[in-house]
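# Per-entry structural report
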Amino acid sequence: QVQLVESGGGLVQVGDSLRLSCVASGRSSDLYAMGWFRQVPGKERAFVAGITWSGGTTVYPGSVKGRLTISKDNAKNALYLQMNSLKPEDTAVYYCAAARKPTFAMAYAGSYNYWGQGTQVTVSS
């Protein structure tokens, strides 16, 4: 089992930056990849970034590429999401997720076995 705890969300202004953190505990050494998703009420969770746990290969959807950066610190079992030039449409609950098995579908929520509780990000104009 792996437990994930996110932090770093909050209320920011348009154009601001924010860094989310996620700390993994438990059998995190068995992980293949980790990712960030976000969700707004009434919509499905949307993939925003993914990274392989050992090699550090990153994946982004085109909509966030260049503004959001995923990174990790294996020594701290930590995952980060640096968000720059925030827009109102970035407002969502952000979830950290972890996948045990290798997958080519890092953008697919079903590829992930563990989820954090989520952290709210609100971008005010």
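## Side note on the sheet that holds strand β1 (residues 2-7)
Working definition: the strands of a sheet are paired by backbone hydrogen bonds and lie parallel or antiparallel to each other. Ordered in space as β1-β3-β8-β7, the four strands form an open sheet in which the pairing is antiparallel. Edge strands, defined here as strands with exactly one partner in the open sheet, are β1 and β7 (68-73). Strand-to-strand, the axes of this sheet are offset by a mean angle of 20°, without reference to chain direction.

## Some remarks on unusual backbone geometry
At Asn-77, a residue that is not glycine, the phi angle is positive and equals roughly 55°. Of note in the backbone geometry, Ser-85 takes a positive phi value of approximately 50° without being a glycine. Summarising the element assignment, Ser-85 is placed in the loop between β8 (78-83) and β9 (92-99).

## Some thoughts on the state of the cysteines
Scanning the entire structure with this criterion turns up one disulfide. Covalent S-S linkage joins Cys-22 and Cys-96, the inter-sulfur distance amounting to 2.1 Å. Judged by the sign of its S-S torsion, about -70°, the bond between Cys-22 and Cys-96 is left-handed. Taken as a pair, Cys-22 in strand β3 (residues 18-26) and Cys-96 in strand β9 lie far apart in primary sequence, 74 residues in all. Here Cys-22 matches Cys-96 in class, with each residue buried.

So, how was this worked out
- Residues numbered from 1 in each chain as written.
- Predicted model: local features only at pLDDT ≥ 70, side-chain atom pairs only at ≥ 80, totals over all residues.
- Heavy atoms only, no water.
- Pairing = 2+ DSSP bridges.
- Helix = DSSP H or I, 4+ residues; strand = E, 2+ residues; numbered from the N terminus.
- Axes fitted to C-alpha atoms, helices over the stretch in contact; angles between N-to-C directions.
- Disulfide = S-S within 2.5 Å.
- Buried < 20%, exposed > 50% of the residue type's maximum accessible area, 1.4 Å probe, protein only.

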